[in-house]
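Listed below, chain by chain, are the residues.
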Amino acid sequence: MAILMGVLFAGSIGLTQFLGVTAGPQETILSALARRLLGNGTAYFIIQASTMLILAVAANTSFAGFPRLAAILAKDGFLPRQLTGLGDRLVFANGIFSLALATAVLIVIFGGDSHSLVPLFAVGVFLAFTLSQAGMVLHWRRVRGAGWWFKSILNGFGATATALTVLVIGISKFLEGAWITIILIPMIVVIFLRIRTHYREVASELSLHGLPPSLKPLPVPRVVIPISGVHRGIVDAVDFARSISSDVTIVYVELEAGDADAVREKWNRWWPDIPLEVVSSPYRSIIQPLLDFLEATDLEHQDGQLATVILPEFVPAKWWQSLLHNQTGWLLKAALLYQRRRQSGLQRVVIDVPYRLRQ
């Protein structure tokens, strides 16, 4: 294959120089050469179709190889773990999607001009050749099998040649786009190392090492249920809360003065034995007053736990209907999950109780 590639390359360049063939603004050099040698007949179109098929296979090679390589890197902890998952068609769908997205971004940035992408391609390809050849030198020196010194010299020569190529392209084509790859590759390496550091820190924090041999069960929770009103969507949440605790508190954030009167009257009619707390919000904010209330009630009780929050949340029948609602439940859940802990060692439990709408 290498000999065939060399013959094709040398023959094409030789014929181009000998015949003085030049590419036009809308024609590649190979097309111009084939037209000069074969005319505009069937043979010319066979050459063009063959070239198109070869380029299509070459483009598809990236979509076949990159997702698998990304999955290997993700398995080793250098890329997000989502890249290790096989899709329904038994391919690394997330890797394919990521590559397609990166390809689309490059096409948009460079306006679809393939000539502008050549320096990026050349630096990346020859750098990969350099690293692979240098890696083989280390491999042969470590294995030390039969003829290892000759193989090391051969791979060392290849690494040197490709490294010089990278240097020449990087300098001569730096302002034409090679600077992007030269800067981007070290950034990618740093990102890889940061991702691995994160996964190692997560594994360390999730380790069971150091836990006491006997773990005590948690005490009966104090439950707080934030509501937007008294309706059928909160019934299941209230029933669930009463099934796990006798200490249940309902919280309603009053955005306008007097809004809570109707809510309190309706609440006392349905659940008179469960206390309803009204939190005024003069700035019409919902999330922060609820967080302040939870912190205050935790400080008041001082019972060695944080109140468990049960979120009644109705789910629309169709996905687009969610756009018509303010998603307060999601915002509150995100605020509770990512709120910085102010009491060391204590975790707040957040429970979703969905109510699915039928229409």
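This text goes with the structure placed above it.
Residue positions are given per chain, counted from 1 along the sequence in the order it is written. In keeping with the model being predicted, local features are shown solely for residues with a pLDDT of at least 70 and side-chain atom pairs are shown and tallied solely at 80 or more, while totals for entire chains, interfaces and linings include all residues. To get the side-chain values, take all heavy atoms of the structure and skip hydrogens and water.

1. Structural notes on the layout of surface pockets
Grid spacing is 1 Å over the protein atoms alone, the probe is 1.4 Å, and a cavity is where that probe fits but cannot get out, while a pocket is an open set with protein on both sides within 12 Å along at least five of seven lines and lining residues have an atom within 4 Å of a point. Grid points are joined across faces, edges and corners, and a volume is the space filled by probe spheres set on the points. Of the volumes computed, that of the second largest pocket is approximately 700 Å³. Together, 28 residues line the second largest pocket, and S228, P312, N326, T328 and G329 are the ones closest to its centre. Labels follow the DSSP assignment, with helices taken as runs of H or I lasting at least four residues and strands as runs of E lasting at least two, numbered in each case from the N terminus. Here the element with the most residues in the lining of the second largest pocket is strand β4 (residues 308–315); it accounts for five residues. Looking at the lining of the second largest pocket residue by residue, the class counts come to 17 nonpolar, nine polar and two charged. Residue classes follow a fixed rule: Ala, Val, Leu, Ile, Met, Phe, Trp, Tyr, Cys and Pro count as nonpolar, while Asp, Glu, Lys and Arg count as charged, and any other residue, Gly among them, counts as polar.

2. Quick word on the packing of aromatic side chains
Two descriptors summarise a pair of aromatic rings, namely the distance from one centre to the other and the angle between the planes of the rings. Working definition: a ring pair exists when centres of Phe, Tyr or Trp rings (six-membered ring for Trp) sit within 6.5 Å. Plane angles under 30 degrees give stacked, over 60 give edge-to-face, the rest tilted. Taken as a whole and judged by the stated rule, the model has five aromatic pairs. Considering the side-chain rings of W149 and F150, the 6.2 Å spacing of their centres and the 80 degrees angle between planes classify their relative orientation as edge-to-face. Taken together, the aromatic side chains of W267, W270 and W271 make up a single cluster linked through ring pairs. The criterion for a charge sitting over a ring is simple: Lys NZ or Arg CZ within 6 Å of the ring centre, and within 35 degrees of the ring normal. Here the basic side chain of R81 rests over the ring of Y199, its NZ or CZ set 4.1 Å away from the ring centre. The lysine or arginine in question, K151, covers the ring of W140, its NZ or CZ lying 4.6 Å from the ring centre.

3. Describing the side chain of T16
Along the polypeptide, T16 turns up in helix α1 (residues 2–19). A polar contact of 2.7 Å, which involves the side chain of T16, links it to the backbone oxygen of S12. Here a residue-residue contact requires only that any non-hydrogen atoms of the pair lie within 4.5 Å. Those residues within four positions of T16 in sequence are excluded, and the remaining contacts are V21, I29 and L33. In protein, a polar contact means a hydrogen-donor-capable atom and an acceptor-capable atom, both N or O and within 3.5 Å, with residues adjacent in sequence counting only if both atoms are side-chain atoms; elsewhere, any N or O pair within 3.5 Å suffices.

4. Description of helix α5 (residues 114–143)
Given a rise of 1.5 Å per residue, 30 residues ought to cover 44 Å, and the 42 Å separating the end C-alpha atoms of α5 matches this to within 8%. Fitting axes to the seven residues ending at a residue and to the seven starting there, one defines the bend at that residue as the angle between these axes. Helix geometry: α5 is bent most strongly at L120, by close to 25 degrees. Exposed residues in this analysis have more than 50% of their type's maximum accessible area, buried residues have under 20%, and partly exposed residues fall in between, with area computed by a 1.4 Å probe over protein chains only. Residues of α5 that are buried include every one of P119, L120, A122, V123, T130, V137 and W140, and no others. Packing partners of the buried residues in α5 comprise α4 (93–109), α6 (148–172) and α7 (174–206). In the stretch just after α5, R144 is the one whose phi turns positive, near 55 degrees. Take the residue count of a helix, subtract one, and multiply by 1.5 Å to get its expected span.

5. So, the nonpolar core
Throughout, nonpolar core names a set of buried Ala, Val, Leu, Ile, Met, Phe, Trp, Tyr and Cys residues whose side chains join them through atoms within 4.5 Å. Core analysis: the largest hydrophobic core is formed by 19 residues, its most contacted members being I225, I227, I250 and W267. When residues of this core are traced back to their parent elements, those giving at least two are β1 (223–227), α8 (235–244), β2 (248–254) and α9 (259–270). The contact partners of I250, leaving out residues within four places of it in the chain, are I225, I227, W267, I274, P275, L276 and E277. Formed by 14 residues, the second largest nonpolar core is a distinct cluster that contains V253, L290, A307 and L336.

6. A word on the sheet that holds β4
Across the sheet, which stays open at both edges, the five strands sit in the order β3-β2-β1-β4-β5 with parallel pairing between neighbours. Looking at the sheet topology across the chains shown, the edges are occupied by β3 (276–280) and β5 (350–356). Recorded for the sheet is a direction-independent mean angle of 30 degrees between the axes of neighbouring strands. Where β2 and β3 come together, five bridges link them in parallel fashion. DSSP bridges decide pairing: two strands pair if at least two such bridges lie between them. Here, axes are lines fitted to C-alpha atoms. For helices the fit covers the stretch in contact, and angles between N-to-C directions go from 0 to 180 degrees.

7. Some thoughts on the environment of R222
Checked against the element boundaries, R222 lands in the loop between α7 and β1. For R222, a relative accessible area of 4% gives the class buried. R222 sits 36 residues away from G258 along the chain, and the two C-alpha atoms are 28 Å apart. In contact with R222, not counting residues within four places along its chain, are D247, T297, D298, H301, D303, Q305, L306, A307 and T308. Among the polar contacts listed, one links the side chain of R222 to the side chain of D298, at a separation of 2.9 Å. Separated by 3.1 Å, the side chain of R222 and the backbone oxygen of Q305 make a polar contact.

8. Focus on the packing of helix α10 (residues 287–301) against helix α11 (residues 328–337)
In the contact formed by α10 and α11, the axes pass within 10 Å of each other and the chain directions differ by 45 degrees. If you check the angle between α10 and α11, you find them oblique. Considering how the two elements wind past one another, α10 and α11 form a crossing that is right-handed. Taking contact as the criterion, the partners of I287, L290, L291 and L294 in α10 are, on α11, T328, L331, L332, A335 and L336. Here the contact of α10 with α11 is composed, by residue class, of eight nonpolar, one polar and no charged. By definition in this entry, angles of less than 35 degrees are roughly parallel, angles greater than 145 are roughly antiparallel, angles of 65 to 115 are roughly perpendicular, and the rest are oblique. Definitions for this section: a left-handed crossing has its near helix turned counterclockwise from the far helix by less than a right angle. A right-handed crossing has that turn clockwise.

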